[in-house]
Amino acid sequence: MSDYKYKRVLLKLSGEALMGSKNFGIDPVVLKKIASDIRPAYEDGVQIAVVVGGGNIFRGLSGAAAGMDRAQGDNMGMLATVINSLALQDSFEHAGMHCRVMSAIEMHQVSETYIRRRAIRHLEKGRITIFAAGTGNPYFTTDTAAALRACEIGAEVLMKATKVDGIYDADPVTNSDAKKFDTISYAEVLSRNLHVMDATATALCKDNHMPIMVFDLDGDQIFERALRGEAIGTTVVE
Ligand code: UDP
């Protein structure tokens, strides 16, 4: 345990990360990889909270673009995150890790309801705690839910695992000259409109001094290395 820089962390996984090579839904191979990546730290007693998105299933904005009521679409998006959370819980439990799902929208039959003090208790008891259904409100994203929960539970860092290996000054997929930052300030992320997280999530982290680490989920033992404080990806700080 002493080798770890962080003892309580919040890991944000995008819904799209769960698709793997598919273009919709959940790839069981990815679920297994995430579980095996997390397991060494779990066994060493690092307290791990998780927020997963829903973009692999449904996004409120896409619904709105197709003429749907925005709030209705967002409710569907939040339910998508519950599906992903249950899938992650299943894979964590198959890997021998204790895990609880806590939903921001009450659904007693499938998960506990989010209560901050209970969430902290789960973490203290060594259970991976997955926060489902975003913030429970439309017009927000799961990045904002991740920032909010990270602050609420007193996480030391918000780790955002994505499909890109850090933050660039331009889109690295379309621009071969794009430069990666090792560290960057919240203010710069906001003023340059870099799409790390949405502005609400970034501002919440800034106001509450919550560091954000952005790295590629596909990297080798990536979670372990991030927890040990290795300089991977990009870190957003004051
Ligand atoms: N959502 C919401 N409120 C929240 C979190 C999420 O309404 O607090 C909805 C919103 O429609 C969003 C969808 O859930 O598009 C899925 O979340 P997100 O797009 O953040 O997932 P990701 O991009 O991480 O896969």
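Basis of the calculations
Residues numbered from 1 in each chain as written. Predicted model: local features only at pLDDT ≥ 70, side-chain atom pairs only at ≥ 80, totals over all residues. Heavy atoms only, no water. Helix = DSSP H or I, 4+ residues; strand = E, 2+ residues; numbered from the N terminus. Rg over C-alpha atoms; globule rule 2.2 N^0.38 Å. Buried < 20%, exposed > 50% of the residue type's maximum accessible area, 1.4 Å probe, protein only. Contact = heavy atoms within 4.5 Å. Areas by Shrake-Rupley, 256 points an atom, 1.4 Å probe, with all protein chains shown as cover. Lys, Arg positive; Asp, Glu negative; His and termini not counted. Charge placed at Lys NZ, Arg CZ, Asp CG, Glu CD. Near = heavy atom within 4 Å. Polar contact = N/O pair within 3.5 Å; in protein donor to acceptor, adjacent residues only side chain to side chain. 1 Å grid on protein atoms, 1.4 Å probe; cavity = no way out; pocket = protein on both sides within 12 Å on 5 of 7 lines; lining within 4 Å. Sits in = over half its atoms within 2 Å of the grid points. Points joined across faces, edges and corners; volume = space filled by probe spheres on them. Nonpolar A, V, L, I, M, F, W, Y, C, P; charged D, E, K, R; others polar.

Asker: Explain the overall build of the protein here, please?
Answerer: A tally of regular secondary structure across the protein gives eight helices and 11 strands. Its C-alpha radius of gyration of 17 Å places the protein within 12% of the 18 Å reference for a compact globule of 238 residues. Principal-axis analysis of the C-alpha atoms gives the protein an extent of 55 × 50 × 35 Å. Taking all 238 residues of the protein together, the buried fraction comes to 50%. For the protein, long-range pairs separated by at least 24 residues make up 72% of all intrachain contacts whose partners lie at least 6 apart in sequence. Surface accessibility of the protein: about 11,200 Å² in total, with carbon and sulfur atoms responsible for 50%. Treating the 26 positive side-chain charges of the protein as one cloud and the 30 negative ones as another, the clouds have centres 5 Å apart.

Asker: Could you clarify how one ought to interpret the site of the ligand in this entry?
Answerer: Taken together, 20 residues are adjacent to the ligand, and Arg59, Asp74, Thr135, Asn137 and Thr142 come closest. Measuring from an oxygen atom of the ligand, one finds a backbone N or O atom of glycine 54 at 3.0 Å. Between the ligand and methionine 78, the relevant distance is 3.4 Å, taken from an oxygen atom to a main-chain nitrogen or oxygen of the residue. One can see that the ligand is located within the largest pocket.

Asker: For this particular structure, what's the right way to read empty space enclosed by the protein?
Answerer: Think of a ball as big as a water molecule: rolled over the atoms, this probe shows where empty space is left. Enumeration over the complete set of coordinates arrives at one cavity of 30 Å³ or more. Quantified by volume, the largest cavity comes out at close to 40 Å³. Along its surface, the largest cavity is lined by Leu11, Leu13, Ile34, Asp37, Ile38, Ala161, Phe215, Leu217, Ile222 and Phe223. Split by residue class, the lining of the largest cavity holds nine nonpolar, no polar and one charged.

Asker: Can you walk me through unusual backbone geometry in this structure?
Answerer: Most peptide bonds take the trans configuration, and most residues that are not glycine carry a negative phi. Even without a glycine there, the phi angle at alanine 133 is positive, about 65°. Note that alanine 133 resides in the loop between strand 5 (128–132) and helix 5 (142–153). Positive phi is not limited to glycine here, since asparagine 193 has a value of about 55°.

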